[in-house]
Amino acid sequence: KEKITFLINDFLKIPQFEDLFRLQSDKLLKVPEYRVGGVRSSMNDMLFGEEKPDYTPLFGITKNGPFDFPKCKNIHFIYFVHEDDKDIGELVHRYFNKKFDNFPGIEQYTGKKYFADKELGCRFKEKENPWPEINEHITNLKTSPDVTYVAIYISPFSRDTATFTQQGIYFKVKQALLNKGIVCQVLDANHAREARSFVYNAINLSIAINAKLNGTP
């Protein structure tokens, strides 16, 4: 009760909020003991593609697709990968391109046919500090205004062991790509290589890409 009252007084009963929404009452409704912790099963449902309900996000989106696809007409994928991690890049490419029976391909999440633009991709050689090499590549990218680009950056650094400087490289890469109008999705190469089943990585990547392209998972 104290936490709810705090929320009301400090966040809802303030001019910035009341200019948009005004509470009819700040009194709390007393909930019968038998109702605490219980809701109708249908209230756990979420809507996915074609407004089909499911209470499990993983199964709902895999089976029915996202609630809303991105509005862009053409999507091209660009891979940024160190030469030692080209196997991971190829693995992502094959999953996105419907080469495995346990994953429907990223088309299920974007509503657009998958296309990897290999001419624009970057396979960098320097591992400890790949930023200069990647930055030069991004600077010289020639893109089309009729295409929405998604960069898959396969990071050679594990998020658990990366130094402060190495962590900063990801943010530099992301910022440089955003300056070019390119969405960036990162994947930890070491984490992907150690995954028991990559299908869950593929699902998470696809959901994130849908959202970054202004879709609704």
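Anyway, here's the lowdown on the structure attached to this text. (Residues numbered from 1 in each chain as written. Predicted model: local features only at pLDDT ≥ 70, side-chain atom pairs only at ≥ 80, totals over all residues. Heavy atoms only, no water.)

### Quick look at the overall build of the protein chain
Now for step 1: Looking only at helices and strands, the protein chain has nine helices and six strands in total.
Now for step 2: Scaling as 2.2 N^0.38, a compact globule of 217 residues should have a C-alpha radius of gyration of about 17 Å, whereas the protein chain reaches 22 Å, well beyond that.
Now for step 3: Taken over the C-alpha atoms alone, the protein chain extends approximately 65 × 40 × 40 Å along its principal axes.
Now for step 4: Counting across all 217 residues of the protein chain, residues that qualify as buried make up 36%.
Now for step 5: Within the protein chain, contacts between residues separated by at least 24 positions form 67% of all contacts whose residues are at least 6 apart in sequence.
Now for step 6: About 14,300 Å² of surface is accessible on the protein chain, with carbon and sulfur atoms providing 52% of the total.
Now for step 7: Distance between charge centres in the protein chain, computed from 30 positive and 28 negative side chains, equals 4 Å. (Helix = DSSP H or I, 4+ residues; strand = E, 2+ residues; numbered from the N terminus. Rg over C-alpha atoms; globule rule 2.2 N^0.38 Å. Buried < 20%, exposed > 50% of the residue type's maximum accessible area, 1.4 Å probe, protein only. Contact = heavy atoms within 4.5 Å. Areas by Shrake-Rupley, 256 points an atom, 1.4 Å probe, with all protein chains shown as cover. Lys, Arg positive; Asp, Glu negative; His and termini not counted. Charge placed at Lys NZ, Arg CZ, Asp CG, Glu CD.)

### Some words on the packing of aromatic side chains
Now for step 1: Inspection of the entire model under this criterion finds 11 aromatic pairs.
Now for step 2: Geometrically, the ring pair formed by phenylalanine 6 and phenylalanine 11 is edge-to-face, given 5.9 Å between the ring centres and 80° between the ring planes.
Now for step 3: Measuring from ring centre to ring centre gives 4.1 Å for tyrosine 95 and phenylalanine 100, while their planes differ by 15°; the resulting arrangement is stacked.
Now for step 4: Linked through ring pairs, Tyr95, Phe100, Phe103, Tyr109 and Phe198 together constitute an aromatic cluster. (Phe/Tyr/Trp six-rings, centres within 6.5 Å; stacked < 30°, edge-to-face > 60°.)

### Overview of the sheet that holds strand S5 (residues 148–155)
Now for step 1: Reading across the sheet, the four strands line up as S4-S3-S5-S6 and stay open at both edges, with parallel pairing between neighbours. Every interior strand has two partners, whereas the edge strands, strand S4 (122–124) and strand S6 (183–188), have only one. Geometrically, the sheet is characterised by an average inter-axis angle of 15° between neighbouring strands, direction not taken into account.
Now for step 2: As defined by bridge partners, S5 adjoins S6 across six bridges and the pair is classed as parallel. (Pairing = 2+ DSSP bridges. Axes fitted to C-alpha atoms, helices over the stretch in contact; angles between N-to-C directions.)

### Topic: the pattern of salt bridges
Now for step 1: One pass over the full model with this rule turns up eight salt bridges.
Now for step 2: As a salt-bridge pair, arginine 193 and aspartate 85 come within 3.2 Å of each other at their nearest N and O atoms. Within this pair, whereas arginine 193 is found in helix H8 (residues 189–194), its partner aspartate 85 is found in the loop between strand S3 (75–82) and helix H4 (86–96), the two being separated by 108 residues in sequence.
Now for step 3: Measuring nitrogen to oxygen at the nearest pair gives 3.7 Å for the salt bridge that ties glutamate 107 to lysine 98.
Now for step 4: One continuous salt-bridge network, built from bridges that share partners, spans Asp85, Asp87 and Arg193. (Salt bridge = Lys/Arg side-chain N within 4 Å of Asp/Glu carboxyl O.)

Purely geometric numbers; function is a separate question.
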